[in-house]
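Given next are the chains, with one letter for each unit.
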Amino acid sequence: TLLFVNVYLVVGFFLWRFCVSHVRDRQTLLYQLRTFTLDKTECKYEYDRIFVESQIREWFGSLGAFEREVQTEVAELVEQQLAAKEAMPWSMIFVGALSHVFFTT
């Protein structure tokens with residue numbers, strides 16, 4: 001029984017850390033999309049920024065329209081995709097359950 005508890009705690013600890021990190025990453029992604037602005041983006045070369053911004057103006061009409069598209073439409077689509085998938089991959093749930101299966105049978 002003590003061996004079961006020790007193995008379960010070790011596996012459970014690492015699985016818990018992964019779960020917390022995974023959920024935090026999903027929340028961070030949505031936050032970044034909802035607060036996206038071109039001012040916060042980085043380009044290695046200034047001429048890249050000039051080119052990209054000119055293309056955005058051509059395709060979306062203005063930089064603000066593009067930012068609003070990312071903050072609303074893109075963020076909503078990503079949120080729907082994340083909601084359609086399980087919060088935790090089944091493979092990780094399986095790994096977490098292995099120690100329980102092996103040490104209780």
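Provided above is the structure to which this section pertains.
Read on for a plain summary of the structure. (Residues numbered from 1 in each chain as written. Predicted model: local features only at pLDDT ≥ 70, side-chain atom pairs only at ≥ 80, totals over all residues. Heavy atoms only, no water.)

## Describing the packing of aromatic side chains
Here is step 1 of the chain: Counting across every chain of the model gives three aromatic pairs.
Here is step 2 of the chain: The interplanar angle of 85° and the centroid separation of 5.9 Å between the aromatic rings of F36 and F66 together place this pair among those described as edge-to-face. Of this pair, F36 sits in the loop between α1 (2–34) and α2 (46–60) while F66 sits in helix α3 (residues 63–84), and the two are 30 residues apart along the sequence.
Here is step 3 of the chain: Judged by centre distance (5.0 Å) and plane angle (65°), the rings of F60 and F66 are edge-to-face. (Phe/Tyr/Trp six-rings, centres within 6.5 Å; stacked < 30°, edge-to-face > 60°. Helix = DSSP H or I, 4+ residues; strand = E, 2+ residues; numbered from the N terminus.)

## Brief notes about α3
Here is step 1 of the chain: An ideal rise of 1.5 Å per residue puts 32 Å on 22 residues; α3 measures up with 31 Å between its terminal C-alpha atoms.
Here is step 2 of the chain: Taking the largest bend as the criterion, α3 deviates by roughly 30°, centred on V70.
Here is step 3 of the chain: Among the residues making up α3, those that are buried are L63, F66, E67, V70, A75 and L82. (Expected span 1.5 Å × (residues − 1). Bend = angle between axes of the 7 residues up to and from the residue. Buried < 20%, exposed > 50% of the residue type's maximum accessible area, 1.4 Å probe, protein only.)

## A look at the nonpolar core
Here is step 1 of the chain: The biggest cluster of nonpolar side chains holds seven residues, and these are L33, L38, I56, L63, F66, V70 and A75.
Here is step 2 of the chain: The dominant element in this core, judged by the number of residues it contributes, is α3, at four residues.
Here is step 3 of the chain: Residues within four places of F66 in sequence aside, it is in contact with F36, L38, I56 and F60. (Core = buried A, V, L, I, M, F, W, Y, C linked by side-chain atoms within 4.5 Å. Contact = heavy atoms within 4.5 Å.)

## Here's the deal with the environment of R57
Here is step 1 of the chain: Within the fold, R57 resides in helix α2.
Here is step 2 of the chain: If sequence neighbours within four positions are ignored, R57 has contacts with S62 and L63.

## A word on α2
Here is step 1 of the chain: Given a rise of 1.5 Å per residue, 15 residues ought to cover 21 Å, and the 21 Å separating the end C-alpha atoms of α2 matches this to within 8%.
Here is step 2 of the chain: Among the residues of α2, those classed as buried are R49, E53, Q55 and I56. Along the axis of α2, the buried positions cluster into a sector of 160°, meaning they face one direction only. Counted as exposed and oriented over 90 degrees from the buried face of α2: Y47, I50, F51 and E58.
Here is step 3 of the chain: For α2, the elements touching its buried residues are α3.
Here is step 4 of the chain: Phi turns positive one or two residues past the end of α2, at G61, with a value near 95°. (Arc of directions from axis to C-beta.)

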